[in-house]
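Each chain, letter by letter, is given below.
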Amino acid sequence: MKIQYLGTAAAEGIPAIFCDCKTCQKARKLGGKEIRTRSQAIIDDRLLIDFPADTYMHFLQYNLPLSKIQNCLITHSHADHLYPKELHMRKSGFANIAENSPLVFYSDKSGFDMISEIKKAGVISDDDLQVKKISLNTPFNVDGYSVTALRAAHADVTSPVVYLIEKDGKTLFYSNDTSEYPPESMEYLKTLKKPIDLISLDCTEACNNATYIGHLSLERCIDLRKTLIEIGAADKNTVFVLNHFSHNSKNVLYKDFVKIAAKLDFEVSYDGMVIEI
Ligand SMILES: [Zn+2]
Ligand SMILES: [Zn+2]
Ligand SMILES: [Zn+2]
């Protein structure tokens, strides 16, 4: 299984859209891996995760075959992960697709409601766009992948989830916009038959000392990794990737943070990064 990170920033992006802070100024100057767009990823070039406003930019930047992509998992309904207005462009006439198959979204309540609303308002047919409401802690099949949504610890109104994605004996855990998981999700993770191969963690706060619920810092990722190993959801072979960064975080520039993280045996995401497991 292959994951490509298309966007790796928190809501504002790095550089943040209206910001003059030192981090944003340096990021603009350095370019390359210092530029982080809003969060999105794709598995094996076919299963999309999240649909931010930067999807259009990712389509251009990575030559994404968006007209052919049939499935998209939504983590939650914050605008940096779901920008439903763009979905009007999937309607026949706006999109001319020779062999059209619908783009199917999977989401918990809030994202489901938003996409349903856009479908209704735009009179978008099921032939072009569909949305399915997911059930938590219950594996479902998406294009040959076994996908399980677990509740995330993030703004409740956005119906936040993290996803376990399994295929051919490999498991990937896409877990951002969450702090330490709620008890029901921890219970599920304890039941896994084997350790997860790749765990992508929220590290919005990087080297900040942040204690609030909703996002994690490096310190808290270290503790969470320990817990996941203790319960058998991970082991020494599990690849841990830190992802979803804010310009307001200390040492967050890639060139600085990657050195700090490497000493602790963490990978650091960047826009365009590909990892195979
Ligand atoms: Zn986010
Ligand atoms: Zn800034
Ligand atoms: Zn969020």
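Up top is the structure.
In this text the structure is predicted, and so the values were computed from the model without any measurement.

Scoring rules and cut-offs
Per chain, residue numbering runs from 1 following the sequence as it is written. As they are written, the chains are lettered A onward and the ligands numbered 1 onward, keeping that order. Where totals are concerned, whole chains, interfaces and linings use all residues; where local detail is concerned, this predicted model gives features only for residues with pLDDT of at least 70, and gives and counts side-chain atom pairs only at 80 or more. Computation of side-chain values covers all heavy atoms of the structure but excludes hydrogens and water. Stacked, tilted and edge-to-face pairs are distinguished by plane angle, under 30 degrees for stacked and over 60 for edge-to-face with tilted covering the rest, among Phe, Tyr and Trp rings (Trp via its six-membered ring) whose centres lie within 6.5 Å. Runs of H or I in DSSP of at least four residues are treated as helices and runs of E of at least two as strands, each being numbered from the N terminus. The classification of residues rests on relative accessible area computed with a 1.4 Å probe and restricted to protein chains. Under 20% of the type maximum is buried, over 50% is exposed, and intermediate values are partly exposed. Whether a charge lies above a ring is judged from NZ of Lys or CZ of Arg, which has to be within 6 Å of the ring centre and within 35 degrees of the ring normal. Expected helix span is taken as 1.5 Å per residue step, with the number of steps being one fewer than the number of residues.

Peer 1: I would appreciate a short explanation of the packing of aromatic side chains in the present structure.
Peer 2: Each aromatic ring pair is specified by the distance between its two centres and by the angle formed by the two planes. Applying the stated criterion across every chain, the model contains seven aromatic pairs. A ring pair is formed by Phe-240 and Phe-266, whose centres lie 6.2 Å apart and whose planes are at 90°; its orientation type is edge-to-face. With Phe-240 in strand β12 (residues 239-243) and Phe-266 in the loop between α6 (254-263) and β13 (267-268), this pair connects stretches of sequence that are 26 residues apart. Accessibility expressed as a relative area gives 3% for Phe-240, which makes it buried. Centroid distance Tyr-254 to Tyr-270: 5.6 Å. Interplanar angle 80°. Geometry classified as edge-to-face. Here Tyr-270 lies in the loop between β13 and β14 (274-276) and Tyr-254 lies in helix α6, a separation of 16 residues in the sequence. Take Tyr-270: its relative accessible area is 22%, and that puts it in the partly exposed class. Against the face of Tyr-145 rests Lys-167, its NZ or CZ located 4.5 Å from the ring centre. In this structure, Arg-225 is placed above the aromatic ring of Phe-266, and the distance from its NZ or CZ to the ring centre is 3.8 Å.

Peer 1: I'm lost on helix α3 (residues 109-121) in this one. Help?
Peer 2: An α-helix turns once every 3.6 residues. As a result, residues three or four positions apart point the same way. With 13 residues, α3 should cover 18 Å at 1.5 Å per step; its first-to-last C-alpha distance of 18 Å lies within 8% of that length. Within α3, burial applies to Ser-110, Gly-111, Ile-115, Ile-118 and Lys-119. Just downstream of α3, Val-123 is the residue with a positive phi angle, here 45°.

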